Amino acid sequence: MSVGYIDPVAEFGGLLLNVEKPSRYVGGEFGILAKRGEGVFRTLIAFPDLYEIGMGNQALRIIYNRLNNIEGVSCDRAFAPAPDFEKLLREKKIPLYGLDTGVSLANLDLLMFTMGYELGLSGVLLMLDVSGIPLRREKRNENCPIIIAGGPAVSNPLPYSPFIDAFWIGEAEAGFFDFVKELTFLKKSGKGRVALMEKISSHPNIWASSENADTAKKVKRAIAVNFSYDDAADIFPIPSMKIVHNHGAVEIMRGCPNGCRFCHAGFWYRPARQKSISRIAGEARGMVTKGGWREISLSSLSSGDYSGISGLVDTLNNMFAGLHVSFQLPSLKVSSFSLELLEKISVTRKSGLTFAVETPRDAWQIAINKEVTRDSVAAILDEAKKKGWKGAKFYFMIGLPLPEERGSEEDEIVDFIIDIARRTRMHFNINVGIFVPKPHTPYQWAAQIDSETALKKLEYIRSRLKPMGHKVSFSDPLVSMIEGLLSRGGERAGLLCEEAYNSGSRLDAWGEYINREKWRELLDENKEEVDRVLCGKERLPWDGIDSRVTPEYLRRELEKSNNCERTSSCKEKCALCGVCGKKTETANEPPSEENTPQCVFLSGESGKNEGISDIPDLIVNHDLLQVNKNTEQKSDPSIYRVLFAFSKQGGAVFHGHLSLIEVFSMSFTRAGFPVMYSLGFNPLAKLEFASPLSTGVSADFEIAAVDFDGEISGKIPMDDFIPRLNGSLPQGIRIEEAQGFIIQSGSKKHSLSSLLWGFAYKRGNETNHVKFGEEKAYRQSRLEKDSSLFCLRRSEVLARNVAGGAGEWLSYFDAYRFLYG
């Protein structure tokens with residue numbers, strides 16, 4: 001099949017300025033890996049939500065990096081379009097495309113969706129539809145891509161099965177990449193879609209919609225046995241715009257030793273496995289030196305349970321001391337919480353305080369298998385206040401299947417916050433979610449709270465706490481109801497989502513895009529089916545999925561919840577859930593099957609961590625980063641300022657000014673240049689642009705400057721500066737000229753904006769010189785003729801004539817040579 005590729009800049013041009021955040025759709029980021037060309041197995045990892053959500057997704061990054069590392073395989077990326085861009089695609093009759101190569105999703109061999117959230121189904125339907133791929137799998141032919149989905153949201157694949165050909169059940173590292181190699185071989189040997197589907201359907205970790213829906217076959221969850229020793233670097237690509245989770249991420253532990261009975265991820269990702277400190281340090285190094293990230297999240301379901309967490313943070317702080325790199329621990333439970341640890345990760349940037357309380361009563365805490373007492377929270381906050389923290393965030397849930405006692409959960413939540421606020425004299429941000437029972441957990445048989453009752457409880461909590469100065473946000477009851485339907489429903493639940501989509505509902509997790517009226521109508525029309533799903537039942541649609549946690553264990557946990565009994569953490573003793581194949585609670589009992597995954601806390605591996613002395617020099621080839629590592633910044637130091645000019649063309653013209661600042665800051669880190677940083681809790685690179693450039697305007701010679709400590713002069717030759725920085729920039733942005741200047745302590749340090757005269761604009765052979773204050777009027781006159789800023793080209797930014805003599809302006813380089821030359 002001949003494959004055409006779509007160039008969004010050529011196809012849409014200035015029309016992209018009519019959509020919100022056009023940089024979502026142009027690609028060209030630093031570190032793109034997908035390959036064009038005939039003879040490759042064309043795959044694409046699709047995230048069924050907006051770019052700024054999906055680009056922070058860890059599963060997408062793992063699949064993208066590792067598939068592109070396989071010879072003969074190309075893995076592109078795509079995200080769901082917002083309604084304004086969907087409209088543009090349909091008007092221009094252009095299908096959705098991969099951001100790396102421009103391949104149409106309809107021209108792939110394998111289209112993969114990573115599903116972290118049930119409501120992503122509406123995004124799946126949108127991406128298929130706008131690509132020209134039939135929504136229903138039975139309507140697809142030999143020319144359509146095979147569509148496979150994975151991720152925790154499809155642990156019950158039934159609602160998605162009318163639209164998805166097959167489901168990878170479990171973790172991709174546990175065999176998926178080897179399986180893609182087999183599919184690649186079949187494709188190269190001339191096999192078509194039917195043969196590939198037969199191969200896919202036969203895999204023990206794949207639930208195929210056409211094969212498994214009506215059979216008793218069990219599909220086992222794939223678990224990465226070697227997770228702790230996996231040394232792959234999953235870094236690229238690096239977004240060129242600010243995303244929701246705008247930081248690097250290093251997964252330090254997978255799975256969780258705590259058996260919180262409401263938590264789907266806690267059961268689905270069993271057993272707990274953790275990486276060594278040296279491996280984490282190596283990955284962090286890659287995130288900094290290859291990715292350019294200065295903020296890194298040490299991610300896991302419960303970071304405080306990592307064995308040796310304090311030593312890990314010490315190691316990382318010592319490694320990156322003075323390099324303005326900060327670390328986050330996003331999942332600290334109260335029982336493993338310490339202010340000493342929080343202070344360690346706040347060395348560069350101060351972290352917030354977050355408490356996932358879930359339910360306020362101690363007895364209810366035991367019922368859900370948590371331990372967050374009111375006194376422990378108050379004690380932590382009291383100490384935190386003395387150390388400079390001024391507030392905290394709390395998470396609660398309503399609708400948990402709690403033992404019946406006097407007092408309502410909404411009253412108890414309000415009383416909890418009032419008491420903590422009184423004892424600490426703080427105000428809080430409070431988020432109240434609606435509990436949605438999930439498959440493969442002890443609460444998979446529980447009833448979900450109805451929307452009307454949930455809304456009354458939520459409004460009550462807000463009405464009581466908001467007047468006291470607390471900020472209260474809560475879940476959307478309608479969205480939670482849809483989530484519950486897709487979590488535990490069968491095929492009919494997915495078909496309702498299709499009906500809503502066909503009636504104009506888009507990206508159902510977004511309040512501004514969901515068609516609320518249509519969804520309410522559908523839920524009312526199908527009330528009997530909806531109630532049957534949400535009330536909990538004995539026969540489970542996902543019976544064909546073996547999560548490796550035994551049903552007997554889940555039932556025991558449900559009974560213990562009803563009796564307010566606690567189950568020990570895996571750190572204390574084995575709960576015999578079935579995942580590790582153990583028959584007794586003995587830590588060193590061998591597994592019953594070969595290659596059975598082992599919980600790190602019972603295998604004897606936890607605690608076998610290296611210290612800083614065992615870690616090699618991790619800043620190899622970034623020696624310049626060490627120059628000002630331990631130097632104190634003076635109030636008026638001598639600085640080495642590099643003035644540089646850059647061009648901005650192609651898809652890069654759709655990056656806004658704030659994105660450009662971030663792009664250059666990260667590029668300097670990737671290039672290994674020790675830029676000076678501001679002081680304070682949120683240090684920023686000392687980088688200045690002479691004048692912001694509007695989104696959509698191309699440029700030949702924009703002016704910017706970056707400051708270094710004076711001691712660096714002579715260590716960054718300009719013939720090295722330009723190629724090194726260009727090798728670290730995304731597509732469309734290039735350094736054209738650069739020169740370094742020493743500005744001595746006590747000398748006036750002229751800002752670029754203070755020297756600004758104006759601009760040169762070019763159109764064909766015509767050049768217009770426009771003063772700064774007259775630029776807006778000039779652009780308006782051009783817009784009346786050209787209708788779009790996309791037609792404008794700023795050829796140079798000009799400095800006022802500081803040297804005297806004829807003329808009003810100089811080049812910035814001439815002005816700097818006169819001032820500091």
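Everything here concerns the structure above.
Residues numbered from 1 in each chain as written. Predicted model: local features only at pLDDT ≥ 70, side-chain atom pairs only at ≥ 80, totals over all residues. Heavy atoms only, no water.

Draft legend 1. Quick peek at the environment of C570. Inspection of the secondary structure puts C570 in the loop between α21 (551-562) and β18 (639-648). For the pair C570 and C256, spaced 314 residues apart in the sequence, the C-alpha separation amounts to 8.3 Å. (Helix = DSSP H or I, 4+ residues; strand = E, 2+ residues; numbered from the N terminus.)

Draft legend 2. Molecular detail of the packing of aromatic side chains. According to the stated counting rule, one finds 36 aromatic pairs in the structure shown. Ring centres 5.2 Å apart and planes at 70° place the aromatic pair Y51 and F79 in the edge-to-face group. You can see Y51 sitting in helix α2 (residues 51-54) and its partner F79 sitting in strand β2 (residues 73-79), a full 28 residues away along the chain. The class for Y51 is buried, based on a relative accessible area of 2%. Ring centres 6.1 Å apart and planes at 75° place the aromatic pair F394 and F416 in the edge-to-face group. Of this pair, F394 sits in strand β14 (residues 391-398) while F416 sits in helix α15 (residues 409-424), placing them 22 residues apart in sequence. (Phe/Tyr/Trp six-rings, centres within 6.5 Å; stacked < 30°, edge-to-face > 60°. Buried < 20%, exposed > 50% of the residue type's maximum accessible area, 1.4 Å probe, protein only.)

Draft legend 3. View of the sheet that holds strand β15 (residues 427-434). If you trace the 4 strands from one edge of the open sheet to the other, you get β13-β14-β15-β16, paired in parallel fashion. The open sheet has two free edges, formed respectively by β13 (354-358) and β16 (471-474), since each of these has just one partner strand. Shown here is a sheet whose adjacent strand axes are inclined to one another by a mean of 20°, direction ignored. The sheet contact formed by β13 and β14 spans 4 bridges and is parallel. Counted as the bridge partner of E358 is F396 from β14. Sheet contacts for α15: β13, β14 and β15; angle to β14, the most-contacted strand, approximately 165°. (Pairing = 2+ DSSP bridges. Axes fitted to C-alpha atoms, helices over the stretch in contact; angles between N-to-C directions. Contact = heavy atoms within 4.5 Å.)

Draft legend 4. Examining the state of the cysteines more closely. Taken as a whole, this structure holds 0 disulfides when the rule is applied. The thiol sulfur of C75 is not disulfide-bonded, and the nearest other cysteine sulfur, from C144, lies at 19 Å. Given the relative accessible area of 0%, C75 is considered buried. Counting only cysteine sulfurs, C260 is the nearest neighbor of C263, a cysteine outside any disulfide, at a range of 6.2 Å. (Disulfide = S-S within 2.5 Å.)

Draft legend 5. Inspection of the sheet that holds strand β1 (residues 41-47) at higher detail. In spatial order, the strands read β2-β1-β3-β4-β5-β6; together these 6 strands make up an open sheet with mixed pairing. Both edges of this open sheet fall to β2 and β6 (206-208), since each of them pairs with a single strand only. When the angles between neighbouring strand axes are averaged without regard to direction, this sheet yields 25°. Note: β1 against strand β3 (residues 110-114), 4 bridges, orientation parallel. Paired with I45 across the two strands is M112, which belongs to β3. Helix α7 (residues 193-201) contacts β1, β4 (146-150), β5 (166-168) and β6 of the sheet and is inclined by roughly 25° relative to β4.

Draft legend 6. The arrangement of the side chain of S569 in detail. Mapped onto the elements of the fold, S569 is located in the loop between α21 and β18. With relative accessibility at 7%, the residue S569 sits in the buried group. One polar contact links the side chain of S569 to the main-chain carbonyl oxygen of P257, over a distance of 3.3 Å. Every residue in contact with S569, bar those within four places of it in the chain, is listed here: P257 and N258. (Polar contact = N/O pair within 3.5 Å; in protein donor to acceptor, adjacent residues only side chain to side chain.)

Draft legend 7. Expanded view of unusual backbone geometry. With omega at -10°, the peptide bond leading from F236 into P237 counts as cis. Mapped onto the fold, P237 is located in the loop between β7 (219-220) and β8 (248-251). The residue R548 is not glycine, and still its phi comes out positive at about 80°. Topologically, R548 is positioned in the loop between β17 (545-546) and α21. With a phi close to 60°, L576 is a non-glycine residue in the positive phi region.

Draft legend 8. A look at the nonpolar core. Residues L111, F113 and W519 are the most contacted members of the largest nonpolar core, which totals 108 residues. In terms of residues, this core owes the most to one element, helix α5 (residues 121-130), which gives 7 residues. Setting aside its immediate chain neighbours within four residues, L111 contacts L44, A46, L105, L128, I133, P145, I146, I147 and I148. Membership of the second largest hydrophobic core comes to 64 residues, among which are V377, F394, I417 and A454. (Core = buried A, V, L, I, M, F, W, Y, C linked by side-chain atoms within 4.5 Å.)

Purely geometric stuff here, so don't read any function into it on its own.
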